[in-house]
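Structure assessment
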Amino acid sequence: MPQKFDKKFSPNAQRPGRRPGSARPEGERRAPRAEAEEPSSSLVYGKNPVTELLKSGAGVDTVLLADTLPEAVAAYYTALAKEAGAVAKRVHANKLRLTCGTDSHQGVAAFASAVEYASLEQLLDLAKEKGEPPFLVLCDGVEDPHNLGAIIRSALLCGAHGVVIPKRGGAAITPTVLKSSAGAAARLPVARVANIGESIRRLKDQGVFVYCADMDGVPLHQNNLTGPVALVMGSEGRGVSPLVKKLCDGVVSLSMAARGTGVDSFNVSVAAGIILYEIARQRGQG
């Protein structure tokens, strides 16, 4: 089920009424304009609308906070943005006014993406339609939209049937994710669920063997990754949460050559790519 954004933007589009490269007529003033933060998403502004948007679980990519906003208020919206998987940016008050086209923004604006998510059942149905054992990826609190985009890209190329993300505490599918995935997020169905742990329980009830990636797991090549399988990748800082790890059927790890150097782990999207490729290889797709 593809993601749909509410409007299209062409960076090469030309303004009507004047040939490219021609001189601006005398007396014609250049209209002030703000930099386009996320032209392929909808702008919401005002304290209450932005608060409700961030708490709703809808896809939000960026929250803009005026530099005139009191620090306590800015900290509140920064915390809300992080919980919703969005990035908070402090910007000049005039830039925010130009972006919103009004002075009534109250110092807060957000870019909300109009996306269409699948359900967990639809991901399983897709595998059934293809006559293949389910192959899913679950993201347990992946917060960086670039990492999420890279994971979705690898999932698509390795033959996964879909990706599962949480409604709260992780990045949503946004224009940044879409760009980072090289368009894969528009091709691979993504389910957004209230609880990753509950989704794991439902998958296990359907006969899906669920693995998570962690440093204390069994080396990747020693695992049998054929059949119905789901892979859980944890957040950038904390990894897979203890409860989610306890629910998984197995834990896989990646061997590393540079131990003791201070670089003690792979980036989450890199680790996902390595593991997903091994799953695809064992399933005869690599």
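This report concerns the structure included in the present document.

The rules we used
Residues numbered from 1 in each chain as written. Predicted model: local features only at pLDDT ≥ 70, side-chain atom pairs only at ≥ 80, totals over all residues. Heavy atoms only, no water. Pairing = 2+ DSSP bridges. Helix = DSSP H or I, 4+ residues; strand = E, 2+ residues; numbered from the N terminus. Axes fitted to C-alpha atoms, helices over the stretch in contact; angles between N-to-C directions. Contact = heavy atoms within 4.5 Å. Left-handed = near helix turned anticlockwise from the far one by under 90°. Nonpolar A, V, L, I, M, F, W, Y, C, P; charged D, E, K, R; others polar. Expected span 1.5 Å × (residues − 1). Core = buried A, V, L, I, M, F, W, Y, C linked by side-chain atoms within 4.5 Å. Buried < 20%, exposed > 50% of the residue type's maximum accessible area, 1.4 Å probe, protein only.

Side note on the sheet that holds strand β8 (residues 209–219)
- Taking strand neighbours across the sheet as the criterion, the six strands line up as β7-β6-β5-β9-β8-β10 in an open arrangement whose pairing is parallel. Two strands in the sheet have a free side with no partner beyond their single neighbour: β7 (190–193) and β10 (250–253). Direction aside, neighbouring strands of the sheet carry axes that sit 30° apart on average.
- Pairing between β8 and β10: five bridges, direction parallel. Note that in β10 the partner of Val-218 across the bridge is Val-252.
- Its contacts with the sheet place helix α5 (residues 145–157) against β5 (135–140), β6 (162–166) and β7, and it is angled at close to 170° to β5.

Looking at the packing of helix α4 (residues 120–130) against helix α7 (residues 196–205)
- The interhelical angle for the contact between α4 and α7, taken along N-to-C directions, is 35°, at an axis separation of 11 Å. Of the two elements, α4 crosses α7, and the hand of that crossing is right-handed. Taking contact as the criterion, the partners of Leu-120, Glu-121 and Leu-124 in α4 are, on α7, Ser-199, Arg-202 and Leu-203.
- Grouping the amino acids of the contact of α4 with α7 by side-chain chemistry returns three nonpolar, one polar and two charged.

Notes on helix α9 (residues 268–282)
- With 15 residues, α9 extends 21 Å from end C-alpha to end C-alpha; this agrees with the ideal 21 Å at 1.5 Å per step.
- Looking one or two residues past α9, Gly-284 carries a phi angle of roughly 80°, positive in sign.

Re the nonpolar core
- Counting residues in each nonpolar core, the largest one holds 37 residues, and the members touching the most others are Leu-148, Ile-152, Val-163, Ile-173, Ile-275 and Leu-276.
- Those elements that provide at least two residues to this core are β5, α5, β6, β8, β9 (229–234) and α9.
- In terms of nonpolar packing, the next biggest core, distinct from the first, is built from 22 residues, Ala-118, Val-164, Ile-200 and Leu-203 among them.

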